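One-letter residues, chain by chain:
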Amino acid sequence: MNHTMTLRMDRIEGAIIRTLGLIERRGFTVTGISTATGESEHQMEMTVELNAAGRSVEVLARQVARLFDVSSVSLAKQDAPAMRLEESLAC
Amino acid sequence: MKGAELVIKSLEREGVEFIFGYPGGAIMPVYDALVDSTMKHVLVRHEQGAVLAADGYARSTGRVGVCMATSGPGATNLVTGIANAYLDSVPIVAITGQVPTSLMGTDAFQEVDIFGMTMPIVKHSFLVRRVEDIPSAIGEAFRIASEGRPGPVLVDLPKDITNAEASLAPVWQAPVEAPVQPDTVEVENAAELIRGAARPLLYAGGGIVIADAVEAFRTYAESSGIPVVATLKGLGAVSTRHENFIGMLGMHGNQGANKVVQNSDLLICVGARFDDRATGRLDGFAPRAKVVHLDADPAEISKLRHADAALLGDLSSSLNALAAPGDIAPWQTWCQDRRTEHAWRYDAPGDGVYVPDMLRKLTDAAENYVVTCDVGQHQMWVAQHCHFDRPDQHLTSAGLGTMGYGIPAGIGAKLAKPDATVITVTGDGSIMMNIQELATLKRYGIPLKILLVDNSSLGLVRQWQELFHQERYSEVDLSDNPDFVEVARSFGIPGFRIDRRDQVDDAIQRLLNADGPIIAHVCIDPKTNVWPLVPPGETNDVMLEEQTA
């Protein structure tokens, strides 16, 4: 399932790698990234295209929102409701 | 004022009492400034000892633990302890020296990218590139480490920054944030679920003590009469002696506790995160239960188990908002019957030391105690058989399972609570992971009471190889261990050895009555296993009971 996550974040050392690292570590594939200058020179907007391999993208959004460099997270597009992890892990 | 002095002033401003650390090249300016400070520095003998002692201090006090190391290997030696604090939500500030900014990125001597290396295991981190930013970085590090769901924060300080002069010493003021209250709609949803439940259960996690919500939890547990099970870190949320406490759930939990979980129709999960060691196979965990989840961390809601109602924010406020259940008397009786049916037994055959019985007697005999433990079979026996009246009496590496945690955590706990009797229960595998900290015990005269359970093997791994790998034993034999009593003696710490059941009572008295640090070396049968056990990949319905040869 493909999703687009848009983040407002501080333009600060480590912020991009910290965010992308979290997304990949939590089991998502990043398929596209773009960045743009934010409202001030200290801020940026990052748009991440990601593939949710059975994990809840809403939970991911809350995990990303916990990062102190990130001021807001929105899921701009959702193809279908995300599957619950307990369903995807049934084994 | 130099950057290093700003570091020290900032730490003093936070009310830091102890710094656990180890000096080296890149952190030398800070150690130089430390000479003039009133804060006490505890020189450990390996940086992992520093971060784990800071962890033990933090868990014992609820305050931020502080550790410090130099760049390169000093910093990398902190990594395991930082991960330990991350997985168990412990507030730690780890301060590392870094090579000068002009050398960063040149593969300089003792240079590693500790900022990048620790990103997945910190709550947040700072790489300070301007001397003026030191007070705000350290101030924010303390705030972030302790607010909401706590965790470790790293502050990496290049040497040229700590050596630089700041023209003005800025003062950093922490913003004051009101605790988040649970959503009223979710409170009502939870109330409906609780009122409609016939078999509700309180599932207590480590978040209760972290959020300082033990009293609120007990008040609700008492007034509602809802039976309680606990995770490894939730033990003591209600006293383990309380009649409504059914036991620890999970892989090495009590079978009665697992039965009540599997039969409940509503789990009220308080500060727990559905860890796989607690749930067993997730799709078979409490299959008929709806879930009310109380937590400080929004990212835990519906991460592993869907929450039918989620109360986020301050745990005490959420607990105070919980509704009373209806008539659950038949369920209470059923749970009590399971508690009785699966009460631990201590009538093991033979005359060798039966560790579960020794641990039970130890906490029966001790007063005002804290038990820290290492990782392995003894850790599960501590959880099963020691009594805990509060969660902060039990310091255990739950999430990461860090062998070597016990002694450093004991050091931190004893310094935090000088009046408490602090006992470290360790194993012959685990003690060797941080045995150098016996020197720290001796240097500072820290009267830690160490109970070393020695089965001459990596017991829990050996047990799994026996049960699940067709007795193909692979690298678990430790029968060539050193003489631990002699090792202790060489550090200047007295020790004694027992291997028979009739020596246990005297050993406990000797341990508890010692004035200084002491080791009781308890030798047991290498074939001893921990029971009961949920096999990996099974649901908690499948518990293996003791198998006698």
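Criteria and thresholds
- Residues numbered from 1 in each chain as written.
- Chains lettered and ligands numbered in written order.
- Predicted model: local features only at pLDDT ≥ 70, side-chain atom pairs only at ≥ 80, totals over all residues.
- Heavy atoms only, no water.
- Helix = DSSP H or I, 4+ residues; strand = E, 2+ residues; numbered from the N terminus.
- Contact = heavy atoms within 4.5 Å.
- Areas by Shrake-Rupley, 256 points an atom, 1.4 Å probe, with all protein chains shown as cover.
- Salt bridge = Lys/Arg side-chain N within 4 Å of Asp/Glu carboxyl O.
- Buried < 20%, exposed > 50% of the residue type's maximum accessible area, 1.4 Å probe, protein only.
- Pairing = 2+ DSSP bridges.
- Axes fitted to C-alpha atoms, helices over the stretch in contact; angles between N-to-C directions.
- Buried area = accessible area lost by both parts, 1.4 Å probe.
- Polar contact = N/O pair within 3.5 Å; in protein donor to acceptor, adjacent residues only side chain to side chain.
- Nonpolar A, V, L, I, M, F, W, Y, C, P; charged D, E, K, R; others polar.
- Expected span 1.5 Å × (residues − 1).
- Phe/Tyr/Trp six-rings, centres within 6.5 Å; stacked < 30°, edge-to-face > 60°.
- Lys NZ or Arg CZ within 6 Å of the ring centre and 35° of its normal.
- Patch = residues over 30% accessible without salt bridge, like charges linked within 9 Å, V, L, I, M, F, W, Y side chains within 5 Å.
- Lys, Arg positive; Asp, Glu negative; His and termini not counted.
- Charge placed at Lys NZ, Arg CZ, Asp CG, Glu CD.

With that settled, the discussion passes to the overall build of chain A. What chain A contains, in helices and strands, is 3 helices and 4 strands. For chain A, the succession of helices and strands along the chain, N to C, is β-α-β-β-α-β-α. Looking at chain A alone, contacts between residues at least 24 apart form 71% of all its contacts between residues at least 6 apart. Of the roughly 4700 Å² of accessible surface on chain A, 51% is carried by carbon and sulfur atoms.

Right, let's get into the pattern of salt bridges. By the definition in use, this model includes 32 salt bridges over all chains. A salt bridge links R277 of chain B to D276 of chain B, with the shortest nitrogen-to-oxygen separation between them at 3.2 Å. By relative accessible area, D276 of chain B is classed as partly exposed at 49%. In the salt-bridge network here, residues are joined through shared partners; they are R66 of chain A together with R149, D297, E300 and K303 of chain B.

All names here are of chain B. Read from one edge of the open sheet, 6 strands run β14-β13-β15-β16-β18-β17, paired in parallel fashion. The two strands at the open ends of the sheet, each matched to only one other strand, are β14 (394-395) and β17 (495-498). Where strand β13 (residues 369-373) meets β14, 2 bridges bridge the pair, whose relative direction is parallel. The partner of V371 across the bridge, within β14, is H394. Contacts between helix α16 (residues 355-365) and the sheet are confined to β13, β15 (421-427), β16 (449-454), β17 and β18 (518-523), with β16 contributing the most and set at about 170° to the helix.

Turning our eyes to something else, we now look at unusual backbone geometry. Residue and element names in this part refer to chain B. Here the residue pair W531 and P532 is connected by a cis peptide bond, since its omega of -10° sits within 30 degrees of zero. Along the chain, P532 turns up in the segment after β18. Although it is not a glycine, A286 sits at a positive phi angle of roughly 40°. Tracing the chain through its elements places A286 in the loop between α13 (276-279) and β11 (290-295). The exposure class assigned to A286 is buried, which follows from its relative accessible area of 0%. Positive phi is not limited to glycine here, since S302 has a value of about 60°. With respect to the helices and strands, the residue S302 is situated in the loop between β11 and β12 (309-312).

On to the interface of chain B and chain A. Counting from both sides, the interface comprises 25 residues of chain B and, opposite them, 17 residues of chain A. Together, the buried faces of chain B and chain A total about 1900 Å²; carbon and sulfur atoms form 56% of this surface. Seen at the junction of chain B and chain A, the total is 2 salt bridges. Measuring nitrogen to oxygen at the nearest pair gives 2.3 Å for the salt bridge that ties D297 of chain B to R66 of chain A. Put simply, chain B and chain A have 5 residue pairs in polar contact (both at pLDDT 80 or more) between them. Of the residues assigned to the side of chain B that touches chain A, the class counts are 12 nonpolar, 4 polar and 9 charged.

It is worth spelling out helix α3 (residues 47-61) of chain B at this point. With 15 residues, α3 of chain B extends 21 Å between its outermost C-alpha atoms, agreeing within 8% with the 21 Å of an ideal straight helix rising 1.5 Å per residue. Downstream of α3 of chain B by a residue or two, G62 of chain B has a phi angle that is positive, lying close to 80°.

Attention shifts here to the packing of aromatic side chains. Residue and element names in this part refer to chain B. With the rule as written, the count across this model stands at 8 aromatic pairs over all chains. Plain terms: the ring middles of F18 and Y57 are 5.9 Å apart, the flat faces sit at 75° to each other, and that makes the pair edge-to-face. Placement of the pair is F18 in strand β1 (residues 18-21) and Y57 in helix α3, with a sequence separation of 39 residues. Accessibility assignment for this pair places F18 and Y57 in one class, buried. Members of the aromatic cluster, each reached through a chain of ring pairs, are F18, F20 and Y57. Positioned above the aromatic ring of F18 is the side chain of K40, whose terminal nitrogen or guanidinium carbon lies 5.3 Å from the ring centre. The cationic tip of R360 hangs over the ring face of Y346; the distance from NZ or CZ to the ring centre is 3.9 Å.

The subject of this paragraph is the environment of L458 of chain B. Residue and element names in this part refer to chain B. Structurally, L458 can be placed in the loop between β16 and α20 (459-468). For L458, a relative accessible area of 24% puts it in the partly exposed group. Once the C-alpha coordinates of L458 and P526 are considered, the two residues, 68 residues apart in sequence, prove to be 9.0 Å apart.

Further remarks concern the sheet that holds strand β9 (residues 245-248) of chain B. All names here are of chain B. With parallel pairing, the 6 strands of this open sheet are ordered in space as β9-β8-β7-β10-β11-β12. The open sheet has two edge strands with one neighbour each: β9 and β12. Strand-to-strand twist across the sheet, computed as the mean angle between neighbouring axes with direction ignored, equals 20°. Direction of pairing for strand β10 (residues 266-270) relative to β11: parallel, over a ladder of 5 bridges. Paired with L266 across the bridge in β11 is K290. Helix-sheet contacts for helix α9 (residues 184-196) involve β10, β11 and β12, and the interaxial angle to β12 is about 130°.

This brings us to a negative patch on the surface. All names here are of chain B. A contiguous patch of negative charge, built from E5, D32, D36 and E165, is present on the exposed surface. Relative to the elements of secondary structure, E165 occurs in the loop between α8 (159-163) and α9. According to the relative accessible area criterion, E165 is exposed, its value standing at 54%.

From the geometry alone we can't say anything about function, so treat these as descriptive.
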